[in-house]
Amino acid sequence: MHFTGIIIGVATFFIIGLFHPIVIKSEYYFGVRCWWVFVLVGIAATIASLLVANVLCSTLLAVVGASAFWSIKELFEQRERVRKGWFPKNPNRKE
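Here we summarise the structure given alongside this text. In this text the structure is predicted, and so the values were computed from the model without any measurement.

### Side note on the environment of C34
Okay, so step 1: Structurally, the position occupied by C34 is in the loop between helix 1 (4–30) and helix 2 (35–51).
Okay, so step 2: Overall, C34 belongs to the buried group, its relative accessible area being 9%.
Okay, so step 3: For the pair C34 and A53, spaced 19 residues apart in sequence, the C-alpha to C-alpha distance is 31 Å.

Right under this line is the structure:
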């Protein structure tokens with residue numbers, strides 16, 4: 001039996017789930033001005049996925065890269081959610 005597909009699926013689920021609170025906390029503490037960090041993480045993970053020979057590791061690095069790039073969009077959408085009152089606004093952060 002080969003469990004690579006199942007491992008990738010479960011790990012993808014957890015990686016995507018991990019990025020949700022990261023986006024929420026990033027917007028809360030830094031606003032959308034930290035979007036470039038997600039770009040750098042996405043580029044680094046994508047390049048690393050091209051350089052790693054192991055299929056499992058390469059795939060998971062690609063998932064991290066794609067999740068980081070997707071988080072940029074989510075970061076700006078999170079700002080709108082905060083503006084609508086769906087999430088709390090950080091009272092200590094200067095705009």
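### Digging into a nonpolar patch on the surface
Okay, so step 1: Residues M1, F3, I6, I7, V10, F13 and F14 make up a contiguous nonpolar surface patch of roughly 860 Å² in combined accessible area.
Okay, so step 2: Within the element layout of this structure, F13 appears in helix 1.

### Concerning the nonpolar core
Okay, so step 1: Formed by A11, I15, F19, V23, V32, C34, F38, L60, V63, A68, I72 and L75, the largest nonpolar core amounts to 12 residues.
Okay, so step 2: Counting residues per element, the ones that place at least two in this core are helix 1 and helix 3 (55–84).
Okay, so step 3: Among the elements that line this core, the one with the most residues is helix 3, at 5 residues.
Okay, so step 4: Ignoring any residue separated from it by four or fewer positions in sequence, one finds I72 in contact with W35, F38 and V39.

What counts and how
Residues numbered from 1 in each chain as written. Predicted model: local features only at pLDDT ≥ 70, side-chain atom pairs only at ≥ 80, totals over all residues. Heavy atoms only, no water. Helix = DSSP H or I, 4+ residues; strand = E, 2+ residues; numbered from the N terminus. Buried < 20%, exposed > 50% of the residue type's maximum accessible area, 1.4 Å probe, protein only. Patch = residues over 30% accessible without salt bridge, like charges linked within 9 Å, V, L, I, M, F, W, Y side chains within 5 Å. Areas by Shrake-Rupley, 256 points an atom, 1.4 Å probe, with all protein chains shown as cover. Salt bridge = Lys/Arg side-chain N within 4 Å of Asp/Glu carboxyl O. Core = buried A, V, L, I, M, F, W, Y, C linked by side-chain atoms within 4.5 Å. Contact = heavy atoms within 4.5 Å.

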